[in-house]
Structure formats: structure tokens, C-alpha cells
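Structural characterization, general
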Amino acid sequence: MARILVVEDEASLRSTIAYNLRREGHEVVLAEDGEQALALWARSPADVVLLDLMLPRLDGLEVCRRLRQQSGVPIVMLTARTDEIDRVVGLEVGADDYVTKPFSMRELLARVKAILRRRALLQEELGRQSATESAPILRGPLRIEPARRRVFRGDREIALKPKEFDLLLHLARHPGQVFSPEQLIEVVWGYDALGETGTVRVHIRSLREKLEDDPSNPTLIETVRGVGYRMAD
Ligand code: CA
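Residues numbered from 1 in each chain as written. Predicted model: local features only at pLDDT ≥ 70, side-chain atom pairs only at ≥ 80, totals over all residues. Heavy atoms only, no water.

Thoughts on the environment of L5
Take L5: it is sitting in strand β1 (residues 3-7). Here the alpha-carbon distance between L5 and P74, two residues 69 residues apart in the chain, equals 11 Å. With near-sequence residues (within four places) excluded, L5 lies in contact with V29, A31, A37, L40, W41, A46, V48, V49 and L50. (Helix = DSSP H or I, 4+ residues; strand = E, 2+ residues; numbered from the N terminus. Contact = heavy atoms within 4.5 Å.)

Okay, here's the thing in C-alpha cells:
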């Protein structure tokens, strides 16, 4: 099941929650104040955090904010203060969900179950996406294998430098779409263009020399005058 961090200063509520979660098969870690919660988190993160709003030492809002800075872990706030709910689940604090006190254990368990189900679906989805992303791409005579970072032209493997490969892969994933040198710098090199577009020109030239039949008359990576480059559909 899941590892769940429960942060609640009220001892009887804390142990009732722990008892019920453990009965469902979850591993439960308990904290009684905000500082302890962060210390426990630092030692070993959890899959879900149940976090009381009013806590000694460091309140739930601050704990939530700090967890958010380092993690996308689902956080459910436990709160008696309905006037705080908008803030709690808003961008500023960033909890995923809340239950208002007093709540039944059944309600809390249902919330946790829903979160874990969503997480499972998301992971499945991510798995599917990365399978699609690593599938070979065929463009004209080229076969690009993202997972192995290899490129073939017919049976012959073409040796590319890392950035040449990234540039080719980006163009090949969006056939027919024109990218300006600035856009390519941002996507492939990951920084703002600022006069660095010569780098793109150099890499495009080198790619053409390696991939095209006639590099001065390219048919795979086309130049769109005054705009940029595109991979032929
Ligand atoms: Ca409290």
C-alpha cells in the first residue's frame, strides 16, 4: 500500500487515524508538530501527507508550503477552519485536498483511497507516454531511436553529437512545423537565445552534412527563409 505521514498534535485523533490507516495496510509515520513533520519528511518522504492546519511550532500552512517547495506529494489538510479552505488548496499553500473537522474515519480513508487511485492512474499514463516517447521515429530515409539515442539512414548508423541528436529529435517530433533559431536554442540548449543563434546554424549545417544526400540542397531539414528550420513532412 502506501507510506503515509500523519501530522496531528491531538494525540487521540492521531492514534485513531494511525490505527485506521494501518488496518487498511498502510505504513504510517506520525508527527505531532510541524517541525517534527519536516524532519521526518527529510529523513524519508511519504506517498501521502495528512496535515493538521493548527499545529504547534510550525503551523500546517507553513509545513505545506515547505513540502511543496520540494515535492509534489499529495497533501490533505485536516482543518476545522472552513474560512481557510480557499487559501489552503490555493496556489499560495498548495494542498491537494482537505477534510473538515470533525470528520469520520470512513471519509478520511475514502479521500486517501481516491488520492492513491489517482496517483496509480497518473503513473500508468506516464508509463504509456514514455513508451510513446521512446518509440522509433521514421522520417524519410531516417530512423531515429530516442531511447538508444541512435540514428540510422537506411542500414547505416550516423554518429551524431549530443546536441545534434537533440536538435534532430525535436525537429523530427514536429514534422512540418517551423522553429526559429531562438526557439531551438531554448528547447535544445535550454537557455534564452541572446545572440546565440549562430550555434543553431552550425549544428544544422553539420546535421545536413551527415544526413542529407546533397547538404547544399537539403530535403530533410529545410530552411524557411527569414523564419527558421523545419523537418520535411
Ligand atoms: Ca491541531
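Structure's up, so let's keep going.
A word on the sheet that holds strand β7 (residues 142-145)
Read from one edge of the open sheet, four strands run β6-β7-β8-β9, paired in antiparallel fashion. Strands at the two margins of the open sheet, each flanked by one partner only, are β6 (137-139) and β9 (156-158). For this sheet, the mean angle separating the axes of adjacent strands, direction not counted, is 25°. For strand β8 (residues 150-153) and β9, the ladder comprises three bridges, and the chain directions are antiparallel. Paired with F152 across the strands is E157, a residue of β9. In this fold helix α6 (residues 162-173) packs onto β6, β7 and β8, with an angle of close to 110° to the strand it touches most, β7. (Pairing = 2+ DSSP bridges. Axes fitted to C-alpha atoms, helices over the stretch in contact; angles between N-to-C directions.)

Quick look at the sheet that holds β1
Across the sheet, five strands lie side by side as β2-β1-β3-β4-β5; this open sheet has parallel pairing. Strand pairing shows two members of the sheet lacking a second neighbour, β2 (27-31) and β5 (97-100), which therefore form its edges. Across this sheet, the average inter-strand angle for adjacent strands is 20°, counted without regard to direction. As judged from the four bridges shared by strand β4 (residues 75-79) and β5, these two strands associate in the parallel manner. Across the sheet, the residue bridging to V76 is D97, located in β5. Against the sheet, helix α2 (residues 34-43) touches β1, β2 and β3 (48-52), its axis set at about 140° to β2. Each of β3 and β4 is contacted by helix α3 (residues 60-70), which is oriented at about 175° to β4, the strand it contacts most.

Some words on the side chain of T79
By the secondary structure assignment, T79 is in strand β4. Setting aside residues no more than four positions away along its own chain, T79 makes contact with L53, I85, V99, T100 and K101.

Some thoughts on the domain arrangement of the chain
Accessible area lost upon the coming together of the parts is a frequently used measure of interface size. Here the chain is described as being made up of domain 1 (3-125) and domain 2 (131-231). Computed from C-alpha atoms alone, the centre-to-centre distance between domain 1 and domain 2 is 46 Å. (Domains from an automatic or database assignment.)

Side note on the nonpolar core
Generally speaking, a soluble globular protein has its nonpolar side chains buried in company with each other. One finds I144, L168, L211 and I221 to be the most contacted residues of the largest nonpolar core, which totals 25 residues. Sorting the residues of this core by element identifies β7, α6, α7 (181-189), α8 (197-211) and β11 (228-231) as the ones contributing at least two each. A per-element tally of this core places α6 first, with six residues. The residues contacting L211, other than those within four sequence positions of it, are L142, V151, R153, I158, L168 and L220. By size, the runner-up hydrophobic cluster in this structure holds 24 residues, among which are A46, L55, V63 and M77. (Core = buried A, V, L, I, M, F, W, Y, C linked by side-chain atoms within 4.5 Å. Buried < 20%, exposed > 50% of the residue type's maximum accessible area, 1.4 Å probe, protein only.)

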